[in-house]
Structures are given as C-alpha cells and as structure tokens.
Amino acid sequence: MRNKLILLRHGQSVYNLENRFTGWRDVDLSEKGIQEAKAAAEKLKSQKIDQVYTSILIRAKHTYQIIEDIDGLQNVPLKEDKALNERKYGDLEGLNKADIAEKFGEEQVHIWRRSFDIPPPNGESLKDTYYRVIPYFKSDIKKDLDKGLNILVVAHGNSLRALVMYLDNLSKEEIVEKEIATGVPIIYDWPVK
Ligand SMILES: O=C(O)[C@@H](CO)OP(=O)(O)O
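Residues numbered from 1 in each chain as written. Predicted model: local features only at pLDDT ≥ 70, side-chain atom pairs only at ≥ 80, totals over all residues.

(A) Expanded view of the overall build of the protein chain. Broken down by element type, the protein chain carries eight helices and five strands. Going from N to C terminus, the protein chain has its helices and strands arranged as β-α-α-β-α-β-α-α-α-β-α-α-β. Its C-alpha radius of gyration of 16 Å places the protein chain within 12% of the 16 Å reference for a compact globule of 193 residues. Dimensions of the protein chain, computed from the C-alpha atoms along their principal axes, are close to 50 × 35 × 25 Å. Within the protein chain, buried positions represent 35% of all 193 residues. (Helix = DSSP H or I, 4+ residues; strand = E, 2+ residues; numbered from the N terminus. Rg over C-alpha atoms; globule rule 2.2 N^0.38 Å. Buried ≥ 20, exposed ≤ 12 C-beta atoms within 10 Å, placed from the backbone.)

Set out below in structure tokens:
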C-alpha cells in the first residue's frame, strides 16, 4: 500500500466570511470555519498520520488544533513553516473583493486572484508563491513522503494551488480554473503518478 499525502485548506476564516482579501493578514476561523475543521477531523479519522505540516498563520494552525484534539494526534510531530503561508495579497489585503471588482473590473480582479504570473499590487503572484512552496516541499515534505510517512499539510487556497499545480503537473492555463475548498481533504497516494 502506498503512503498518503493529505492536503487541507483551513476552514472558513473571518475574512473569507466577510469577502475580504486575506493574504498574510493573520485572521482566525469563523464559526463556520470551526465547524468545517471539525468535519475535516471526522473525515480524517480513518487515516493514519505520521507527520503534520502547517503554515504559521492562525487559521491553518487553529484548523489543525481542532483536528489534533478530535483525532487524538497529540503525539504526531508537527512542523510549522512560513513557506506554506498564503500568497501575499499586498495592497489588496483587508479590502472587500466585490468593492475591488467594482473599482477595477471583474476581469482584472480575476487576473490578480487566479493568474499564474501577474501579481496584485505589492503582492505575490502565484508564481512567487510557487517558488517558495515547492522548494520547501522538496526539502522537507517530500523527504518524509519518500521515507514512507503519511503526511497531512494544512495550508491555504493559493499555497495549496501552487502545490497541486506541481503535483498534478498543471499548466499555467489549467491552474487558473483550480479552486480549493475550505476544510475538504485532498488525498494523494505517494508517489503521485
Ligand atoms: O483572500 C485570500 O487570501 C485568498 C484565500 O482566501 O483569496 P482568493 O480566493 O481571492 O485567492
């Protein structure tokens, strides 16, 4: 049997609820986000997990704390690293997504949110995010996977889009369409074929 790589986007955050760009703003889970983390814990109960990775942002760490409590994973080693943080949204952080679409147009906002290499003002493009997530994946997470460990990664919409792009070998065009839902585990068999 092959070991597993499980990717999980944090539960809904307060800014997700308010439809605001979040990026590196360190906002916590909403009540719905807490419920989503609990539901993820139920889904993950049947999985053996040997090592956990999270970003250093509270919404990812809190999501995992809930899973750790419910699934009794207190003895499983945990590494937190800023390489897994959300893409930096720069000047858009904290602003309402609908207001920004009104001001700059839906198309421009979609480009900032989903294109591969066009960064939002003073922020990171997905490409910038990719070039911090993937080196960390290769130096740390992949090494654990290659040892046969089952790994859970709790991170963010865009840091996980970067990772999925790498794992699924998606093109710059294909990644534009990729959305990652909050609190829904994505399970890969390792090695990914
Ligand atoms: O605001 C953000 O940081 C991200 C994830 O919540 O949003 P988007 O889906 O616009 O990339």
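(B) Just the UniProt feature "site: Transition state stabilizer" (unreviewed entry) in the protein chain, in detail. The UniProt feature table records "site: Transition state stabilizer" (unreviewed entry) at His156. Structurally, histidine 156 can be placed in the loop between strand S4 (151–155) and helix H7 (157–167). Taking the C-beta count within 10 Å as the criterion, histidine 156 has 27 such neighbours and is therefore assigned buried. Among residues more than four places away in sequence, those in contact with histidine 156 are Arg9, His10, Ser55, Ala60, Asn85 and Glu86. (UniProt positions renumbered as here; feature names shortened; annotations may be inferred. Contact = placed C-beta atoms within 7 Å.)

(C) Geometry of the environment of proline 185. In this structure, proline 185 sits in the loop between helix H8 (172–175) and strand S5 (186–190). Taking the C-alpha atoms as reference points, proline 185 and valine 153, 32 residues apart in sequence, are found 9.5 Å from one another. Discounting residues that sit within four places of it in the chain, proline 185 has contacts with Ile6, Leu8, Ala40, Lys43 and Leu44.

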